[in-house]
Amino acid sequence: MPNTVSYASRALTRCFVLFGLLLLCFLLLFVVYVWAEKQIDEANENRVISIALLQEFRQSSDELTQLALVAVASNDIRYKQRYDEILAVRDGLAPRSEQPTFWAMPEVQTSSEPLGRRRSLLTLMQDAGFTSAELTAVTTAKQRAEELIRIERQLMNRLELPGLTSTERQQLQQNSLFTLLSAEQLQLRTHIMQPLAEAFVQLNHRTEQRVQQSIHHAFWLRVAFMVTAFVLCLTLYRIRLLYQRLLGAPPSELAVFLENFAQTQSYRPLRTQHIRPGSILGRLLATESRLHQQEQQQQLLISELQQQQQYLRALFDSLPLMVWFKDLQGRFLAVNRKFAEMLQLNVEQILGKSDADLFEPEQALQHISHDKDVLTMDQPDQLKRQLTLDGEARWLDVYKTPVYLNGHSLGVVGTARDVTVEHNAENQLRLSASVFTHAREGIMITNPEGLIIDVNQAFCQITGYSAEQAKNCTPRLLKSDRQDEHTYQQMWQVLHTQGYWAGEVWSRRANGEDYMQSMTISAVHDEQQKVQHYVGLLSDITQQHQQQQQLEKIALFDQLTGLPNRNALIQQLHQLLHVREKDEWLAIAYLDLDGFKEINDRHGHATGDKLLLQMAQKLRKQLATYETLACIGGDEFVLLLPAQTDCQQGCQRIEQLLSQIATPVQIDDWMLSVSASIGITFAPQPDAVDAEQLIRQADHAMYQAKQEGKNRYHLFDVDKARSMRGHQETLQDIRQALALEQFELFYQPKVNMRTGELIGSEALIRWRHPERGLVPPGLFLPAIEQHSLGVTLGYWVMERAIQQLAEWQQQGWALPVSVNISAYHLQQPDFVNRLQQLLRRYQQVSPALLQLEILETGALNDLSHVQAVMHACLRAGVSFALDDFGTGYSSLTYLKRLPAQVLKIDQSFVRDMLTDPDDLAILKGILVLAHEFKRDIVAEVWRPQNMAKRCWHWGVSWPRAMVLPGPCPLPILNSGAITGRRRNNGAAQAPYNQTDVIQAPTRL
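Reading the values: rules and limits
- Residues numbered from 1 in each chain as written.
- Predicted model: local features only at pLDDT ≥ 70, side-chain atom pairs only at ≥ 80, totals over all residues.
- Heavy atoms only, no water.
- Helix = DSSP H or I, 4+ residues; strand = E, 2+ residues; numbered from the N terminus.
- Contact = heavy atoms within 4.5 Å.
- Areas by Shrake-Rupley, 256 points an atom, 1.4 Å probe, with all protein chains shown as cover.
- Pairing = 2+ DSSP bridges.
- Expected span 1.5 Å × (residues − 1).
- Buried < 20%, exposed > 50% of the residue type's maximum accessible area, 1.4 Å probe, protein only.
- Salt bridge = Lys/Arg side-chain N within 4 Å of Asp/Glu carboxyl O.
- Core = buried A, V, L, I, M, F, W, Y, C linked by side-chain atoms within 4.5 Å.
- Arc of directions from axis to C-beta.
- Patch = residues over 30% accessible without salt bridge, like charges linked within 9 Å, V, L, I, M, F, W, Y side chains within 5 Å.
- Lys, Arg positive; Asp, Glu negative; His and termini not counted.
- Charge placed at Lys NZ, Arg CZ, Asp CG, Glu CD.

**Examining the overall build of the chain**
In terms of regular secondary structure, the chain is built from 33 helices and 27 strands. Of all intrachain contacts in the chain linking residues separated by at least 6 positions in sequence, the fraction that spans at least 24 positions is 63%. Within the structure as shown, the chain displays about 56700 Å² of accessible surface, and the carbon and sulfur contribution to it stands at 53%.

Okay, here's the thing in structure tokens:
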């Protein structure tokens, strides 16, 4: 049996040695195999680099030729500079990028890679391992390329010769291009590429052969690697068999047996008939059998001891006190659950530890010192001690006694009871007594019926009553006549409902003196929420109350007159606005003294102050008690006159005040008189207004009264103010619509009456409102007619119209557009400059296609300036039309002085021309004037077919008479619903269909 174990041990040792040698060979083969794979990668990388270098030489040659062609064709120095840069980098005269070089034209080259060293392509090829034959081929190609470069440089340099005329330079460029594109140059470039192709074939063969050799070596290393791995696996299997033979059982069964054996558990599932005698597992089984018998005997004894211990632990943990037992070294041998809960630990975490492990150093030292005293005195001891755990202080009643066994001291047994609640209650009582005695606020305590039980010293000092005088009395002892009974009733009502009251009341001292008192009363309830006591805190705030009143007087009253100031006025006005009756009117009058400044300057400020005082008194006498007079600064007063039946009654009151103010007054030796300008406004108003707005309205009306001559009143016009606000809102809406691009242009076609041809259009603005829909111009243009916003909108219309002309020209249209310009816009100082800027921005648009229309009545304001502006525009190529001709005041003057080529007859003359002889006569007269002054006519018509028939019989020769149908959006005009004219060999296309004219024109 021992020989079997020894044999297996020696064989296992030999196998381990063999396994180590094989593993070493395996690692060496793995390293060599990795090296072979790396050789393959290096061969492939060298192949890629070498091919890239040849491609770079070939690409750079092509790019040089292209740059030479572009440089000669464009005569741009940048291409020649780029030519030199590529050549310098290829020849190693300039640093090259660290990344692979990609040649590009200057316009598209945007990379800014870091530059490296100066290395020529031949040097890089030598570093890449090119053979001598390959380098010879590349050198041959480079020599041929240098000949081509010489020719290209010569051709580019010829263009830079000084003194060449433009014709000679163009001829030289053409000859140079012919030279660069000639068959000789093409043949020379072909000779350059032939040796490069030979080098590429040699390079491809060499690098491919190197790669194949590396792959062959790696294959055989892989085979050797796999064979070695197979032998390693066989060796491991042999080691496993020998190991199992030595153990006597499979390793898994042996591991389970040892685990259970270590845990003193019985294990019998092993099949002992397969276990070799003398093996490790056989010997372990014999030992386990002996230990199992001993274990059964010990288990019986342990079971009895555990049962007794459980009884003792249950009794120990059921005690309401904290109990512990420590040995002579101070280690805890036993503690109950109550003690562990106090320390917030488990019992097992405490056993074996000392006081130093469980408590702070100072507390642990106290416990150890007390234990030594008990052991030394050999008798029990009791004391009260504070213990701090997790920042919380607790008080314990501790009892300790020594323990003896057979005359020998074993340690100390201790018990403790938590008395924190009792201790805090005692401290709270002492603190409450101290606060009650030393508090600076007066404190009184009453029973539920309100009889005073106790008071502190501060109460006696504040009220003047002693404690004996106050006890058994109610708080009415302090009642003052200055405080109404309602306050006390409300106080007790709040106390009964909320259990708390705080406020300020007037009280009376024992000597009969009144004082202001701040008081807080709280109800104290028991567990059943029944009132046990009332506790009142009071303090004397008489001085603070007086100071507060003084500050309020300064803040709310004028220092000179004693009248309410602006702050008090606003407060009073707020109240009147809320308490006003439904059918009553409230008059607000803003009064300013006329001539007061002259009196103040002539007689001095003292006299002026006296005059203000007398005026204030005079006005106050004229007012009822419910009416308010306020001084809001200097000689300005405001009167609030509520309970007015109507506005007329309020105005009558103001007239009475004006007559009283005008009465002279005696100031010292002077008889002085002043008048007043008064602005009046009334509430309520259709729109909601606050107090500040009403005062501003009255102030505005007062200034109107001064402008009207003083010594009068002016009534604020609410409707006019609302209209002004609406005007401002309209301006804001238009400004916002312009920013949001809500405006668009409609185009009103102009048609030749004789031929029906579409010969132009008029741009008319429309507002496409997101809520109101399409808004016509008559609803918003009048609001900005004399406003700078109208100028901004006018420039917007001009720019959009010119932009549309540009788009039509791109589509082949040549349709003139006229734009309406207000007189205010035309008279702007920068009008001509702004128009010229727009025309320069759209240079493709002919200025003759743009026509500006001005109203006859608008130009009348400054005819000379308008004439100068129109002449400046005509010089720029823009024509003019005179809109609504015949409705102004000086039409003949306009025809003579204004350079307008087109007259637009207002539709008021044309609409009824077929039925009204007067309109027809006026229209004929205008046509005669236009014919004599050589002006074209545009008529705004209602029924163009009937008008055309009548005009043909007038006998007046007018070459460009036109009609205007209704406006339409741009998409309809572009879609072909209205046929335009295109420039097509100078011939006009299909004429305008007059049956489409069904809508009267809508004017701007």
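Here the narrative resumes, following the displayed structure.
**Focus on the pairing of strand β5 (residues 408-418)**
Here six bridges tie strand β1 (residues 322-327) to β5, and the two strands are oriented antiparallel to one another. Bridge pairing links M322 to A416 in β5. Relative to β5, strand β4 (residues 392-405) runs antiparallel, the two being bridged by ten bridges. Among the inter-strand pairings, P402 is bridged to a residue of β5, identified as V412. Linking β4 to β5, which pair antiparallel, is a turn of two residues; within it N406 sits at a positive phi near 55 degrees.

**A short note on helix α2 (residues 77-90)**
One turn of the α-helix equals 3.6 residues, which is why residues spaced by three or four share an orientation. Here α2 spans 20 Å end to end across 14 residues, near enough to the 20 Å set by a 1.5 Å rise per residue. If you check which residues of α2 are buried, you get Y79, K80, R82, Y83, I86, L87, A88, V89 and R90. Downstream of α2 by one or two residues, G92 has phi in the positive range, about 80 degrees.

**Examining the pattern of salt bridges**
Evaluation of the coordinates by the stated rule reveals 31 salt bridges. A salt bridge links R78 to D76; the nearest nitrogen and oxygen atoms lie 2.9 Å apart. Accessibility expressed as a relative area gives 43% for R78, which makes it partly exposed. D481 is paired through a salt bridge with R508; the nearest N and O atoms lie 3.5 Å apart. With D481 in the loop between α15 (467-470) and α16 (485-498) and R508 in strand β8 (residues 500-508), the pair connects residues that are 27 residues apart, well separated along the chain.

**Topic: the nonpolar core**
Judged by nonpolar contacts, the single largest core of 70 residues is most densely connected at F743, V819, F831, L835 and L852. Among the elements that make up this core, the one with the highest residue count is helix α24 (residues 788-810) (twelve residues). Every residue in contact with L835, bar those within four places of it in the chain, is listed here: M798, L850, L852, C873 and V878.

**Looking at helix α5 (residues 166-180)**
Over its 15 residues, α5 extends 21 Å from the first C-alpha to the last, a length consistent with the 21 Å expected when each residue adds 1.5 Å. Looking at α5, one finds that the buried residues are L172, Q173, S176 and L180. Projection of α5 onto a plane perpendicular to its axis shows the buried side chains occupying an angular sector of 105 degrees, all on one side. Of the residues in α5, the exposed ones pointing more than 90 degrees away from the buried face are T167, Q170 and F178.

**Details of a positive patch on the surface**
A contiguous patch of positive charge on the surface is contributed by R10, R14, R238 and R245. For the positive patch, the elements supplying multiple residues, two or more each, are α1 (2-74) and α6 (183-247). Positionally, R14 belongs in helix α1.

**A few points about the environment of F436**
Its place among the elements puts F436 in helix α13 (residues 420-438). Every residue in contact with F436, bar those within four places of it in the chain, is listed here: I443, I445, D454, V455 and N456.

**Observations concerning the environment of D91**
When you line up the elements, D91 lands in the loop between α2 and α3 (121-127). Relative accessible area serves as the criterion here: at 27%, D91 is assigned to the partly exposed category. Residues D91 and R118, spaced 27 residues apart in sequence, show a C-alpha to C-alpha distance of 8.6 Å. With sequence-adjacent residues up to four places away left out, D91 is seen in contact with S120 and K142.

**Observations regarding a nonpolar patch on the surface**
Taken together, the side chains of F219, W220, V223, V227, F230, V231 and L234 present a nonpolar region at the surface, about 670 Å² in accessible area. Examined against the element boundaries, L234 turns out to sit in helix α6. Taking relative accessible area as the criterion, L234 reaches 49% and is therefore assigned partly exposed.

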